[in-house]
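What the coordinates show
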Amino acid sequence: MASRHILIAGATASGKSDLAMRRAEAVGGVIVNADSQQLYDGLRVLTARPSPADEATVPHRLYGIADPADSWSVGRWLTAVEEIQAAESRPLVIVGGTGLYFHALLKGLAPVPPVSEDIRRDVEATYRTAGEAAFRRHLADLDPAAETRIAAGDRQRLVRALAVAVSTGRPLSDWQADTVTGTLRAEDCERWVVERERSDLYRRCDDRVDQMLATGAIAEVKGLLERNLAAELPAMRAVGVRDLVAHLREGLPLDVAQARIKQATRHYAKRQLTWFRNQAPDWPRLDLSEL
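Computed from a predicted structure; not experimentally measured. (Residues numbered from 1 in each chain as written. Predicted model: local features only at pLDDT ≥ 70, side-chain atom pairs only at ≥ 80, totals over all residues. Heavy atoms only, no water.)

Focus on the pattern of salt bridges
Two side chains bearing opposite charge may form a pair once their charged atoms approach each other closely. On inspection of all chains with the given rule, the structure shows 25 salt bridges. Notably, a salt bridge pairs Glu 88 with Arg 90, separated by 2.8 Å at the nearest N-O pair. Since its relative accessible area comes to 31%, Arg 90 is described here as partly exposed. Between Glu 124 and Arg 120 there is a salt bridge whose closest N-O contact spans 3.7 Å. Residue Glu 124 and its partner Arg 120 are located together in helix α5 (residues 117-130), separated by four residues, close to a single helical turn. The class for Arg 120 is partly exposed, based on a relative accessible area of 31%. Sharing partners across several salt bridges, the network here consists of Glu 117, Asp 118, Arg 120, Arg 121, Glu 124 and Arg 155. (Salt bridge = Lys/Arg side-chain N within 4 Å of Asp/Glu carboxyl O. Buried < 20%, exposed > 50% of the residue type's maximum accessible area, 1.4 Å probe, protein only. Helix = DSSP H or I, 4+ residues; strand = E, 2+ residues; numbered from the N terminus.)

If you want it as structure tokens, here you go:
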């Protein structure tokens, strides 16, 4: 029997969205976004969301559905996917580059109690005033496993880990160790990690940035700035936003901002490749370099 659902993961600019279109058309499926940045409205160009023409050709879900002033967690995304699955008779083609989304989909998500907004704001303030090094020392006292596991500079996960420990009195790593069941079983899905030869991928990253700047990325960031959104919100941390804010507000030359965004995009792609190599080693690979 053919697989019911199709999972397509990979780095930014790898061509996974084009593959998702082809597979969805072939099976009569619905494309579901698994990219944390493409959730947010107002960032179609900057996050390389599918075009309006693509969205009109094949049903798309969870693209541009979150307000940039909001903050979506992995759990919220997973709940939204479960709701789509319950309502759909058609196959889901779930595509994106956020590895934690696929992990939660297949492995489940620990039932961590919600953290109050007051505690989250207090922990955010602690991070801002203390700095990462001191913040990590505090986190290590409460959740040493999380402090060791979370990469340098990953402010969002550091803040969440400490907020959970403070709110629940139990380390996030302990919550995550609880036995859970995934929404989908890997063996029931067609799975792919899309790959490209590294130089080809980086060239495509650079070309994408050029295209974004030529087709409205600056206007999108102006729209965010007009709303005076907090800098720590996920939408404001999307790749390219910080550098274009520096261009618009601080006079950073556009060519310098462009070079920085290209570098950040390549680094982002590299981190994604590393995640899928380490966390999804059993997924079949599909090399699109020659296509």
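Some remarks on the pairing of strand β5 (residues 189-195)
Of all seven residues in β5, five are buried; the element is thus mostly enclosed. Two elements, β5 and strand β6 (residues 285-287), share three bridges in a ladder whose sense is parallel. When the sheet's bridge partners are listed, Val 194 is paired in β6 with Leu 286. (Pairing = 2+ DSSP bridges.)

Comments concerning the packing of helix α6 (residues 132-142) against helix α8 (residues 155-168)
In the contact formed by α6 and α8, the axes pass within 10 Å of each other and the chain directions differ by 40 degrees. In terms of their interaxial angle, α6 and α8 are classed as oblique. Two packed elements cross with a definite hand, and for α6 against α8 that hand is left-handed. Here Glu 132, Phe 135, Arg 136, His 138, Leu 139 and Leu 142 of α6 lie close against α8, whose contacting residues are Leu 158, Val 159, Ala 161, Leu 162, Ala 165 and Val 166. For the contact of α6 with α8, a count of residues per class yields nine nonpolar, one polar and two charged. (Axes fitted to C-alpha atoms, helices over the stretch in contact; angles between N-to-C directions. Parallel < 35°, antiparallel > 145°, perpendicular 65-115°, else oblique. Left-handed = near helix turned anticlockwise from the far one by under 90°. Contact = heavy atoms within 4.5 Å. Nonpolar A, V, L, I, M, F, W, Y, C, P; charged D, E, K, R; others polar.)

A few points about the side chain of Glu 88
Position of Glu 88 among the secondary structure elements: in the loop between α3 (74-87) and β4 (92-96). Residue Glu 88 is classed as buried on the basis of its relative accessible area, which comes to 15%. In contact with Glu 88, not counting residues within four places along its chain, are Arg 4, Val 30 and Arg 61.

Re the packing of helix α10 (residues 198-214) against helix α13 (residues 254-279)
Across the interface, α10 lies against α13 with an axial gap of 9 Å and an inter-helix angle of 135 degrees. Overall, the two elements α10 and α13 adopt an arrangement that is oblique. Considering only the axes of α10 and α13, their crossing is right-handed. Along the contact surface, α10 presents Arg 198, Leu 201, Tyr 202, Cys 205, Asp 206, Val 209, Asp 210 and Leu 213, while α13 presents Gln 258, Ile 261, Lys 262, Thr 265, Arg 266, Ala 269, Lys 270 and Leu 273. Broken down by class, the residue content of the contact of α10 with α13 amounts to eight nonpolar, two polar and six charged.

Digging into the packing of aromatic side chains
Overall, the coordinates contain five aromatic pairs when judged by the stated rule. For the ring pair Phe 102 and Trp 283, a centre distance of 5.6 Å and an interplane angle of 80 degrees mean the geometry is edge-to-face. Of this pair, Phe 102 sits in helix α4 (residues 99-107) while Trp 283 is found in the loop between α13 and β6, placing the two residues 181 residues apart along the sequence. In terms of burial, Phe 102 and Trp 283 fall into one category: buried. Put simply, the rings of Phe 102, Trp 275, Phe 276 and Trp 283 pair up and form one aromatic cluster. Across the ring face of Trp 175, the terminal group of Arg 170 is positioned such that the distance to the ring centre comes to 4.4 Å. (Phe/Tyr/Trp six-rings, centres within 6.5 Å; stacked < 30°, edge-to-face > 60°. Lys NZ or Arg CZ within 6 Å of the ring centre and 35° of its normal.)

In short, shape yes, function no, at least from these values alone.
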